[in-house]
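Observations on the three-dimensional arrangement
One letter stands for each residue in the lines below.
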Amino acid sequence: MTIVASPTAAIQLRDQRVDFWRGVALAMIFVNHIPGNYWENFTSRNFGFSDAAELFVFLAGFASAFAYGRLFLGGERLIASLRAARRAGVLYLVHITLTMAAVAIFSWGALALGEGAIMRNIGLSQFLTMPLETMVGFASLGHQLGYVNILPMYSVLLLMLPLHLFLAGISRNVMLAAAIAMWFAAYIFRIDVPAYPLPGGWFFNPFAWQLIFAIGLYCGFRRIEGKAGFPYRKWLFFAALGYVFVSFLTIRLDLWWLWGASSLPMMLTGFDKTYVSVPRLLHILAVCYLFANAAPSSPFSRVTRDNVFAMLGRHSLPIFAVGTVLSLLGQVIKHDQIPDILFDTLLIGGGLSIQIALARYLDWWRMASKVARPAGKPVPTNPVAGHSPVPLRLPPRSAAPAAVPASARAESTKPRTA
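Below is a short write-up of the structure.

Procedures and definitions
- Residues numbered from 1 in each chain as written.
- Predicted model: local features only at pLDDT ≥ 70, side-chain atom pairs only at ≥ 80, totals over all residues.
- Heavy atoms only, no water.
- Salt bridge = Lys/Arg side-chain N within 4 Å of Asp/Glu carboxyl O.
- Helix = DSSP H or I, 4+ residues; strand = E, 2+ residues; numbered from the N terminus.
- Buried < 20%, exposed > 50% of the residue type's maximum accessible area, 1.4 Å probe, protein only.
- Disulfide = S-S within 2.5 Å.
- Core = buried A, V, L, I, M, F, W, Y, C linked by side-chain atoms within 4.5 Å.
- Contact = heavy atoms within 4.5 Å.
- Phe/Tyr/Trp six-rings, centres within 6.5 Å; stacked < 30°, edge-to-face > 60°.
- Lys NZ or Arg CZ within 6 Å of the ring centre and 35° of its normal.
- Polar contact = N/O pair within 3.5 Å; in protein donor to acceptor, adjacent residues only side chain to side chain.
- 1 Å grid on protein atoms, 1.4 Å probe; cavity = no way out; pocket = protein on both sides within 12 Å on 5 of 7 lines; lining within 4 Å.
- Points joined across faces, edges and corners; volume = space filled by probe spheres on them.
- Nonpolar A, V, L, I, M, F, W, Y, C, P; charged D, E, K, R; others polar.
- Axes fitted to C-alpha atoms, helices over the stretch in contact; angles between N-to-C directions.
- Parallel < 35°, antiparallel > 145°, perpendicular 65-115°, else oblique.
- Left-handed = near helix turned anticlockwise from the far one by under 90°.

The final tally for this structure, using the stated rule, is nine salt bridges. Notably, a salt bridge pairs Lys-273 with Asp-51, separated by 2.6 Å at the nearest N-O pair. With Lys-273 in the loop between helix H12 (266-269) and helix H13 (278-292) and Asp-51 in the loop between helix H2 (16-32) and helix H3 (52-73), this pair connects stretches of sequence that are 222 residues apart. Of the two residues, Lys-273 and Asp-51, both sit in the buried class. By sharing partners, the salt bridges in this structure join Asp-51, Glu-54, Lys-273 and Arg-280 into a single network.

Here we take up the state of the cysteines. If you walk through the whole model with that rule in mind, you get zero disulfides. For the unlinked cysteine Cys-219, the closest cysteine sulfur is that of Cys-288, found at 8.0 Å. Since its relative accessible area comes to 4%, Cys-219 is described here as buried.

Following Tyr-196, the chain continues into Pro-197 via a peptide bond in cis, with omega recorded as 5°. Along the chain, Pro-197 falls in the loop between helix H8 (172-188) and helix H9 (206-224). One non-glycine residue, Asp-254, lies in positive phi territory at about 55°. Checked against the element boundaries, Asp-254 lands in the loop between helix H10 (234-252) and helix H11 (256-260).

Once that is clear, we can look at the nonpolar core. Nonpolar side chains in soluble globular proteins tend to be buried together. Of all hydrophobic cores here, the largest spans 102 residues; its most connected members are Phe-106 and Trp-209. With 16 residues, the top contributor of residues to this core is H3. In contact with Trp-209, not counting residues within four places along its chain, are Ala-53, Glu-54, Val-57, Met-153, Leu-157, Phe-204, Lys-273, Thr-274 and Val-276. Ile-34, Leu-326, Leu-347 and Ile-348 belong to the second-largest nonpolar core, a separate cluster that totals six residues.

For the structure shown, the criterion picks out 29 aromatic pairs. With 5.5 Å between their ring centres and 55° between their planes, Tyr-38 and Phe-42 make a pair best called tilted. For Tyr-38, a relative accessible area of 27% corresponds to the partly exposed category. Residue Phe-42 is classed as partly exposed on the basis of its relative accessible area, which comes to 47%. Three or more aromatic residues joined by ring pairs make a cluster, and in this case those are Phe-20, Trp-21, Phe-291, Phe-300 and Phe-309. Above the face of the Tyr-218 ring, Arg-172 is positioned so that its terminal group lies 5.4 Å from the ring centre.

Residue position: Lys-334 is located in the loop between helix H15 (316-333) and helix H16 (341-372). The exposure class assigned to Lys-334 is buried, which follows from its relative accessible area of 3%. For Lys-334, the side chain forms a polar contact with the side chain of Asp-344, separated by 2.9 Å. With residues near it in sequence (within four places) discarded, Lys-334 still touches Ile-34, Gly-36, Asn-37, Pro-339, Asp-340, Phe-343, Asp-344 and Leu-347.

Under the definition given, this model contains two cavities of 30 Å³ or more. Taken as a whole, the second largest cavity encloses approximately 40 Å³ of empty space. Residue lining of the second largest cavity: Leu-26, Ile-29, Phe-30, His-33, Ile-319, Phe-320, Gly-323, Thr-324, Ser-327 and Gln-355, and that is the complete set. Mapped onto the lining of the second largest cavity, the elements with two or more residues apiece are H2 and H15. Split by residue class, the lining of the second largest cavity holds five nonpolar, five polar and no charged.

The geometry of H3 relative to H9 is characterised by a closest axis approach of 7 Å and an angle of 50° between their N-to-C directions. In this view, H3 runs oblique relative to H9, as classed from their interaxial angle. For the pair H3 and H9, the sense of crossing is right-handed.

This paragraph deals with the environment of Pro-206. Mapped onto the secondary structure, Pro-206 falls in helix H9. When residues no more than four places from it in sequence are discounted, the contact partners of Pro-206 are Met-153, Val-156, Leu-157, Met-160, Asp-192 and Val-193.

Our focus in this paragraph is the layout of surface pockets. Its boundaries defined by the atoms lining it, the second largest pocket holds a volume of some 730 Å³. For the second largest pocket, the lining is made up of 35 residues, of which Trp-21, Val-287, Cys-288, Phe-291 and Ala-292 are closest to its centre. Those elements giving two or more residues to the lining of the second largest pocket turn out to be H2, H3, H9, H10 and H13. Element by element, the count of residues in the lining of the second largest pocket is highest for H13, at seven residues. Of the residues that constitute the lining of the second largest pocket, the class distribution is 25 nonpolar, six polar and four charged.

Quick look at the structure:
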């Protein structure tokens, strides 16, 4: 399968809803990462089986079709693979920075508040009892602190991306079948990345979560071709709506026992997040299907570039990093405090305001950089707004310029008249 997108087609493929929902996911992650605040009761995890993490990974796969897939399937496999690997390296560096920030913030909190118990949170107790082993675990990504553990999984998904793209070059269905097989094998044989120095594996198992990523990648390729990522089927729409409603009732009415009453395997009836059990997987797909096929009159179908959440989503990595630091500070501030609507509103509202201000600054800086760029011969690109441009192949430097007919040269020397 070869994908070639012209600049015009690329602009037409622009879907602000992707950035919008990515921004919504980032905002919910920030709220959820401050346990005990009033507003965490209103994030998506309180109304269904999946949460913001599944949405974020699905959208990451969707965006990867534009950022790397077009280049890879256009013949530049090495360049696309190196770009994905470089991005994985950037995520690793950001993760290490956030891990050290978490250690510093909680250490400061313990000293400032005189509460040594703070150092027993988010997996920091191992840092006190076995510091050398834990530092090795930090560097090798084996030991991941709570609330600072999604970027390692995302890094591995990007390293897996060339394999997904290679299979997509054969057939998208082959890619999806391979992703399902890997997910199934990870669950059956308990395949995961070791969590040194503790036993077990990563909380976000990349061999299972790659299925959500691959489904997003699949939908992204459909969108590049001008097709709907989720084609509308009336029966499927109402089936998704029904499943989301059942999920909502299960959460709100505490009906978990109904799912565990059957003798079916836990993979089909459980709610395991590490291995992405079927109920969680179906829920995120149902939610994406419903919003992707929202009525044209719905505000979810008419998202503009200036939308606040779209701004957050355009700059997902810096917003996530700053939001994580702010949420860790919020955890220290909220230590041993009960939910309080006024205080929590100021805390959450202040954190979100800082992230929105950062997104506005990054938007402004992007435009200012374009204005300040020195004039010169531009490099032709296939632009997809919000993603790295895909360079077109330029002629070799040694190529001789095309010959200009003598009549044309003579014509160009004639004086122009009004």
